[in-house]
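Each chain is listed here by its residues.
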Amino acid sequence: MKKVGKATIALLLSAFLLASCSNNGGSSEAVNNTGNSPTAAPSQEASAVPAGTNDSATNTGNSEENPASPSPQANHDAESSTGGNEQAAEIPLLYHMNKNYDIVPNEEGTPKKVVLLTFDDGPKEAKMINSIIDTLDKHHAKAIFFMNGYRIKEHPELLKLIHERGGILGNHSWDHIELKNKPYDTVKKQIEDVQTAVKDITGETPHFFRPPYGAGGDVGKKVAAENGMLYMTWSVGSLDWEMKEKDSNKTEKLIGNVTDQLHSGSNILMHELPWTTEALDKLLTTLEEKGYSFVDPRSIELKMR
């Protein structure tokens, strides 16, 4: 019995040693594989995304300016089913923006005689916001509302109103200052503080950025890309910002300013102003009579090409 016991112990010890060697080999290989992964070490730029940004927005994109910049295209697709009381439905990506900031179909057969409607410098006043969105709804149109952070801080309820009524949220910097010649840290704060504020209030972050005065510079483009936003200025200006309350025939002048520059894919700049609000219904009717329809911003890719 004593000899048998020693043999049994020897067999058990051999089996234990074989199992231990096998396990150590597997762990070593797993570590090596992890070390070879291109995503093993997160980049500093990815970690610079402001607090509150959805994790799914940090998927690596193929931005020409910043290959490691996060892209929210998946978020853009998911969030396209929200806004107002619309029934959830995916919005297909049918368009992209070119270097002239015009909206271009991705494929043959997609309507190209479209315009993009945008409103800057809000949110200002509930009465104007409701009137603008009432008119948009009447014409089955969507628009981007490019908003300033300091106005959001003053009236967060107006941001909620735009969001709840189905307006598309846009970032227009915090203080509406020219960003072109500002240092990186200043531009980053001006843009990302708006992203954070909108996220805190609505649960979403804007996918579109327009620099004040159309002057964002390379730094503005870089920070927008780092936050997964499509950077844009405009290709048709309504010149509503040059008008005054005492001016006559403002509606006719605004419509003339737009139609004089009108072309397929026009990216139309307007503002949240009383005379623009009053002219909007007639403007959209005029555009429709000329054969134009209104592109849904959610159907636009978040990368210029």
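Please refer to the structure higher up on the page.
Residues numbered from 1 in each chain as written. Predicted model: local features only at pLDDT ≥ 70, side-chain atom pairs only at ≥ 80, totals over all residues. Heavy atoms only, no water.

Caption draft 1: Looking closely at the overall build of the protein. What the protein contains, in helices and strands, is ten helices and twelve strands. Looking at the protein as a whole, 47% of its 305 residues qualify as buried. A separation threshold of at least 6 residues defines the contact pool for the protein, and within that pool the share at least 24 residues apart is 73%. Approximately 15600 Å² of the protein is accessible, and the part contributed by carbon and sulfur atoms is 53%. (Helix = DSSP H or I, 4+ residues; strand = E, 2+ residues; numbered from the N terminus. Buried < 20%, exposed > 50% of the residue type's maximum accessible area, 1.4 Å probe, protein only. Contact = heavy atoms within 4.5 Å. Areas by Shrake-Rupley, 256 points an atom, 1.4 Å probe, with all protein chains shown as cover.)

Caption draft 2: How the structure looks around helix 9 (residues 250-261). In this model helix 9 runs 17 Å from its N-terminal to its C-terminal C-alpha over twelve residues, within 8% of the 16 Å that 1.5 Å per residue would give. Those residues of helix 9 lying buried are Lys 250, Thr 251, Leu 254, Ile 255, Asn 257 and Val 258. Looking down the long axis of helix 9, one finds its buried residues gathered within 155 degrees of arc, a one-sided arrangement. On the buried face of helix 9, the contacting elements are strand 10 (236-237), strand 11 (266-271) and helix 10 (274-289). (Expected span 1.5 Å × (residues − 1). Arc of directions from axis to C-beta.)

Caption draft 3: Main features of the packing of aromatic side chains. Taken as a whole and assessed by the stated rule, the structure comprises two aromatic pairs. Each ring, one from Phe 119 and one from Phe 145, has its centre 5.5 Å from the other, and the planes form 20 degrees; the classification is stacked. On the criterion of sequence distance, the pair formed by Phe 119 in strand 5 (residues 114-122) and Phe 145 in strand 6 (residues 143-147) is long-range, its members being 26 residues apart. Residue Phe 119 shares its accessibility class with Phe 145, and that shared class is buried. Ring geometry for Phe 209 against Tyr 231: centres 6.0 Å apart, planes inclined by 50 degrees, an arrangement best described as tilted. (Phe/Tyr/Trp six-rings, centres within 6.5 Å; stacked < 30°, edge-to-face > 60°.)

Caption draft 4: Fine view of unusual backbone geometry. The omega torsion of the bond from Gly 122 to Pro 123 falls at -5 degrees, within 30 degrees of zero and hence cis. Unlike most non-glycine residues, Tyr 101 shows phi in positive territory, near 65 degrees. Looking at the secondary structure, you find Tyr 101 in the loop between strand 3 (95-97) and strand 4 (103-105). The exposure class assigned to Tyr 101 is buried, which follows from its relative accessible area of 15%.

Caption draft 5: Just the packing of helix 4 (residues 126-138) against helix 10, in detail. Remark: helix 4 packs on helix 10, axes separated minimally by 10 Å, with the N-to-C direction vectors making an angle of 5 degrees. Overall, the two elements helix 4 and helix 10 adopt an arrangement that is roughly parallel. Residue-level inspection shows Met 128, Ser 131, Ile 132, Thr 135, Leu 136 and Lys 138 of helix 4 in contact with helix 10, the latter providing Pro 274, Thr 277, Leu 280, Asp 281 and Leu 284. Split into classes, the residues belonging to the contact of helix 4 with helix 10 amount to six nonpolar, three polar and two charged. (Axes fitted to C-alpha atoms, helices over the stretch in contact; angles between N-to-C directions. Parallel < 35°, antiparallel > 145°, perpendicular 65-115°, else oblique. Nonpolar A, V, L, I, M, F, W, Y, C, P; charged D, E, K, R; others polar.)

Caption draft 6: Representation of the pairing of strand 11 within the structure. Burial runs high along strand 11: six of the six residues are buried. Along strand 11, one buried face is formed by Ser 266, Ile 268 and Met 270 and the opposite face, lined by Asn 267, Leu 269 and His 271, is buried too. Bridge analysis of strand 5 against strand 11 gives six bridges, and the strand direction is parallel. For Phe 119, the partnering residue across the bridge sits in strand 11 and is Met 270. In this sheet, strand 11 lies alongside strand 10 in parallel orientation, the contact comprising two bridges. Residue pairing across strands places Val 236 opposite Ile 268, the latter belonging to strand 11. Running through helix 9, the crossover from strand 10 to the neighbouring parallel element strand 11 is right-handed. (Pairing = 2+ DSSP bridges. Right-handed = clockwise from strand over helix to strand, strands pointing away.)

Caption draft 7: Layout of the packing of helix 4 against helix 6 (residues 156-164). Packing of helix 4 against helix 6 brings their axes to within 10 Å, and their N-to-C directions diverge by 10 degrees. Judged by the angle between their axes, helix 4 and helix 6 are roughly parallel. Contacts between helix 4 and helix 6 involve Ala 126, Ile 129, Asn 130 and Ile 133 from the first element and Leu 158, Leu 161 and Ile 162 from the second. Along the lines of polarity and charge, the residues of the contact of helix 4 with helix 6 split into six nonpolar, one polar and no charged.

Caption draft 8: Layout of the pattern of salt bridges. Evaluation of the coordinates by the stated rule reveals ten salt bridges. The partner of Glu 252 in a salt bridge is Lys 282, with the nearest N and O atoms 3.7 Å apart. Pair noted here: Glu 252 is in helix 9 and Lys 282 is in helix 10, with a separation of 30 residues, a long-range link. With relative accessibility at 45%, the residue Glu 252 sits in the partly exposed group. Among the salt bridges present, the one from Arg 305 reaches Glu 301, with a minimum N-O distance of 2.9 Å. Under the relative-accessibility criterion, Arg 305 is labelled partly exposed at 46%. (Salt bridge = Lys/Arg side-chain N within 4 Å of Asp/Glu carboxyl O.)

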